[in-house]
Amino acid sequence: MNAKTTSTYGTTINIKNSGSKKSEIIAITSGKGGVGKTTIAVNMAIAMQKLRKRVLIIDADLHLGNVDLNLGMRTDKSIADVVRNDLPLNKAIVSTPVKVDLLPASSASIDLIESEPAVLEKLAEKFKRFESYYDYIIIDTGAGIAMNVLSFLFGADKICVVITPDPASITDAYAVIKVVKTVNKDIPIFLIGNMVNHADEGDILYKKMNLMAHKFLNNQIYYGGSLLKDELVARSVKRQKPFVLDHPSGMASNGVRAMIRRIMQASINNGFYNKNIFERVLETKNTQLEWNL
């Protein structure tokens, strides 16, 4: 099966279903907002693309979704147009200038996904022609443990929880880890420290959180890496240019490349590998409802 996607930039992508291979799904999340989750998700995606991987970002942050701004662009379509207006999915996927594709979501589209099983079935069917094209799908979720966040986390192959030294960030990150591990203890969770003052601080954050996971959840999390406070990163964000492109030899860029090596090398241990992301969300909906009770 073949399809062509033409972006607003005039780039045409030939999409070919390569058979049984499925995209690896990595969810980037956090306990609270403002910790740099989206910035890390975008730069990780670009670093993967530099390794000749095909990458799609799904912007599933309802209230602070700004993946497009981090890429220096603006989008006007989302999953909601696919669902409500029967827009072909390939027309909602945008080819970005940095050679990473983007599928924007919205509060309207996620509300539909949460309330209508038929919507998920429709999206799952439409996504079949894309599920073998991408090597990695990165989902930039919202912060916290709302059901529109958990629905994507439960269906991921791997989860990255972004944390800062702020006590509220630590507390809320543990809440995310606790909920995920209560529902599915086998999903690998990587802790990523951001805006730490020195490398040891990121290591200490991880060790404390992993100790809590061992003690209270009878489980473990993995060290994803950490990024130091860096004025160059802040400047890149203001310029709406990913720092791995703006400062490819900087500390932050080297840190992100180390992160993706750890995450990509980790094994997957779940029963979802032959299902696309929307099939997974559909399958886990009952689990979510049971957890809410």
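Rules used in this analysis
- Residues numbered from 1 in each chain as written.
- Predicted model: local features only at pLDDT ≥ 70, side-chain atom pairs only at ≥ 80, totals over all residues.
- Heavy atoms only, no water.
- Phe/Tyr/Trp six-rings, centres within 6.5 Å; stacked < 30°, edge-to-face > 60°.
- Buried < 20%, exposed > 50% of the residue type's maximum accessible area, 1.4 Å probe, protein only.
- Helix = DSSP H or I, 4+ residues; strand = E, 2+ residues; numbered from the N terminus.
- Arc of directions from axis to C-beta.
- Core = buried A, V, L, I, M, F, W, Y, C linked by side-chain atoms within 4.5 Å.
- UniProt positions renumbered as here; feature names shortened; annotations may be inferred.
- Lys, Arg positive; Asp, Glu negative; His and termini not counted.
- Salt bridge = Lys/Arg side-chain N within 4 Å of Asp/Glu carboxyl O.
- Polar contact = N/O pair within 3.5 Å; in protein donor to acceptor, adjacent residues only side chain to side chain.
- Contact = heavy atoms within 4.5 Å.
- Pairing = 2+ DSSP bridges.
- Axes fitted to C-alpha atoms, helices over the stretch in contact; angles between N-to-C directions.
- Parallel < 35°, antiparallel > 145°, perpendicular 65-115°, else oblique.
- Nonpolar A, V, L, I, M, F, W, Y, C, P; charged D, E, K, R; others polar.
- pLDDT = per-residue confidence, 0-100.

Labelled according to an unreviewed UniProt entry, the chain appears under the name Cobyrinic acid ac-diamide synthase, originating from Caldithrix abyssi DSM 13497.

J.: Please explain the packing of aromatic side chains as it appears in this structure.
T.: Aromatic ring pairs: the centre-centre distance and the angle between the two ring planes describe each pair. For the structure shown, the criterion picks out five aromatic pairs. Ring centres of F127 and F130 lie 6.0 Å apart, and the angle between their planes is 40°; on these two criteria the pair is classed as tilted. Classification of F127 as buried rests on a relative accessible area of 0%. With a centroid separation of 4.8 Å and an interplanar angle of 85°, the aromatic rings of Y133 and Y134 are classed as edge-to-face.

J.: Please explain helix α6 (residues 117–127) as it appears in this structure.
T.: In an α-helix, one full turn covers 3.6 residues, which means residues spaced three or four apart are oriented alike. Along α6, the residues classified as buried are V119, L120, L123, A124 and F127. Down the axis of α6, the buried set is contained in an arc of 135°. They therefore lie on one face.

J.: For this particular structure, what's the right way to read the nonpolar core?
T.: In summary, soluble globular proteins display a tendency toward joint burial of nonpolar side chains. Counting 51 residues, the largest nonpolar core has I159 and I277 as the members making the most contacts within it. Per-element tally for this core: the top contributor is helix α8 (residues 167–183), with six residues. Membership of the second largest hydrophobic core comes to 36 residues, among which are I40, V55, Y136 and F243.

J.: What's the story with the UniProt feature "binding site: ATP" (unreviewed entry) in the chain in this structure? I'm lost.
T.: With numbering aligned to this structure, UniProt lists the feature "binding site: ATP" (unreviewed entry) at K32, G33, G34, V35, G36, K37, T38 and T39. With respect to the secondary-structure elements, K32 resides in the loop between β3 (24–30) and α1 (37–49).

J.: I keep staring at the side chain of D81 and nothing clicks. Help me out?
T.: Relative to the helices and strands, D81 resides in helix α3 (residues 79–84). One buried charged residue, D81, forms no salt bridge at all, with the nearest opposite charge on K77 at 5.8 Å. Of the polar contacts made by the side chain of D81, one reaches the backbone nitrogen of S78; its length is 2.9 Å. Discounting residues that sit within four places of it in the chain, D81 has contacts with D76, D86 and L87.

J.: Is there a simple way to think about the sheet that holds strand β5 (residues 94–95) in this case?
T.: Pairing between sheet strands relies on hydrogen bonds along the backbone, with the strands arranged either parallel or antiparallel. One open sheet accounts for eight strands, arranged β5-β6-β4-β7-β3-β8-β9-β10; its pairing is mixed. The open sheet terminates on both sides in strands that have one partner only, identified here as β5 and β10 (222–228). The pairing of strand β4 (residues 55–60) with strand β6 (residues 101–104) spans four bridges and is parallel. If you follow D59 over to β6, its bridge partner there is P104. Where α1 meets the sheet, its contacts fall on β3, β4, β7 (136–143), β8 (158–163), β9 (189–196) and β10, and the angle it forms with β7 comes to roughly 175°.

J.: Can you help me understand the packing of α1 against helix α12 (residues 251–265) in this one?
T.: The relative placement of two packed helices comes down to the angle between their axes together with the axis-to-axis distance. Look at α1 against α12: their axes get within 9 Å of each other, and the N-to-C directions meet at 75°. Comparing the axis directions of α1 and α12 gives the class roughly perpendicular. Only V256, R257, I260, I263 and M264 of α12 make contact with α1, whose side of the interface consists of N43, M44, A47 and M48. Here the contact of α1 with α12 is built from residues that sort into seven nonpolar, one polar and one charged.

J.: What exactly am I supposed to notice about the confidence of the model for the chain here?
T.: Note: predicted coordinates in regions of low pLDDT should not be interpreted at a detailed level. Looking at the chain, pLDDT values average 85 and 84% of them are 70 or higher. This model gives residues 1–14 a pLDDT under 50, and the stretch forms 35 contacts once residues within four places in sequence are excluded.

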